[in-house]
Structure formats: structure tokens, C-alpha cells
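# Descriptive structure summary
Next come the chains, spelled out residue by residue.
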Amino acid sequence: MRRLFFLFSIVCLAALSACDIESSGNGDLDGYWRLEQVDSLNGRQGVAYADKQIFWSFQHDLIELSNLHDNSIIYRLKEENRVLFLEQPCMFDRADGDTPITDLEVLRPYGVNALQEQFRIVSLESEVLVLESPVLRLSFRKY
């Protein structure tokens, strides 16, 4: 009986040690966020976005910007000291491959004003996210 228990223990330990658990380290940032409000930092009036159905989805080192009508946009993501660096925007297309974006007008409806954009995390709570770029403040609600 002792040998059987010992053998069973070794098999269980071997099975558990063979698994790698990968985590993104993004914490509360990971998930699906709905863009609710875009405010200008230069004094212009803000625009409510809740009816536009725009979503940002954070997972590991990617952000997917999506709405209900167009193809999604994928950005590479890096975070350092509560600043998000968005790089290498592409139109997400599984069938034909991701196409790099060069037209800035494609990004503007999502609250992005540059191909290589930076956002400072102003507030990150369980249900509310506020980001600031050099010209805009984006307010999100967890979806």
C-alpha cells in the first residue's frame, strides 16, 4: 500500500510540474472594456461614446479595438510605470492575414490619434478605467 501511494504521488507531481501557467501581469487591466466617454484635454467638449458600441479588449501584450460594424484593430501593448504604449496597429483578419494600418483616420473613432500612441493610466478600478493621451481622456466601463 505504501508503494502504491508513493508511486501515485510521484505521478501526480510529475504531471503538475509539466504544466506552465502563463499570466500576463496586466492585473485588472485584462478584459473587455466599453468606451463610454472621450474628453478633449484642450478645452473642447467631450463626446459620449456609449451608444457607439466601441470596445477595447486587453489580453497579455495585445489590445483589440472593435465595434459591431467593422473589422477589429490589433495593437501590440507594453506597459511601464502605468503608461501604456500601443505599437504596430493592424487590421485583424484571420483569413487573409493582419494588414498594417497606415491611415490614421481608421483609428480616430476608437479614441486613438497616432499610429504609435501612449496612454497614461489615470484610474484603474474593478469596473472603471480612465486613460489619458496627450490630447484625450478616455473613460471605460468593464463589460
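In what follows, the structure referred to is the one given above.
Residues numbered from 1 in each chain as written. Predicted model: local features only at pLDDT ≥ 70, side-chain atom pairs only at ≥ 80, totals over all residues. Heavy atoms only, no water.

## Some remarks on the overall build of the protein
The secondary structure content of the protein amounts to one helix and 10 strands. Secondary structure elements in the protein, listed N-terminal to C-terminal, are α-β-β-β-β-β-β-β-β-β-β. Residue burial in the protein is summarised as follows: out of 143 residues, 31% are buried. At a minimum sequence separation of 6, the contacts of the protein that also span at least 24 residues come to 46%. Approximately 9,400 Å² of the protein is accessible, and the part contributed by carbon and sulfur atoms is 52%. (Helix = DSSP H or I, 4+ residues; strand = E, 2+ residues; numbered from the N terminus. Buried < 20%, exposed > 50% of the residue type's maximum accessible area, 1.4 Å probe, protein only. Contact = heavy atoms within 4.5 Å. Areas by Shrake-Rupley, 256 points an atom, 1.4 Å probe, with all protein chains shown as cover.)

## Focus on the nonpolar core
Nonpolar side chains tend to gather and get buried jointly when the protein is soluble and globular. Counting 26 residues, the largest nonpolar core has Trp-56, Phe-58 and Leu-84 as the members making the most contacts within it. Only strand S1 (31-40), strand S3 (55-59), strand S4 (62-66), strand S5 (73-80), strand S6 (83-91), strand S8 (117-124), strand S9 (128-132) and strand S10 (136-142) provide two or more residues apiece to this core. (Core = buried A, V, L, I, M, F, W, Y, C linked by side-chain atoms within 4.5 Å.)

## Points about the environment of Asn-71
In this fold, Asn-71 is placed in the loop between S4 and S5. In the structure, Asn-71 is positioned 20 residues away from Met-91 in sequence and 6.6 Å away in space, judged by C-alpha atoms. For Asn-71, the contacting residues outside a window of four places in its chain are Met-91, Phe-92 and Tyr-110.

## Brief notes about the packing of aromatic side chains
Throughout the structure, instances matching the rule amount to six aromatic pairs. Plain terms: the ring middles of Tyr-32 and Tyr-143 are 6.0 Å apart, the flat faces sit at 55 degrees to each other, and that makes the pair tilted. Here Tyr-32, found in strand S1, pairs with Tyr-143, found in the segment after S10; they are 111 residues apart in sequence, far enough to count as distant. The structure contains a cluster of three or more aromatic residues connected by ring pairs, namely Trp-56, Phe-58, Phe-119 and Phe-140. (Phe/Tyr/Trp six-rings, centres within 6.5 Å; stacked < 30°, edge-to-face > 60°.)

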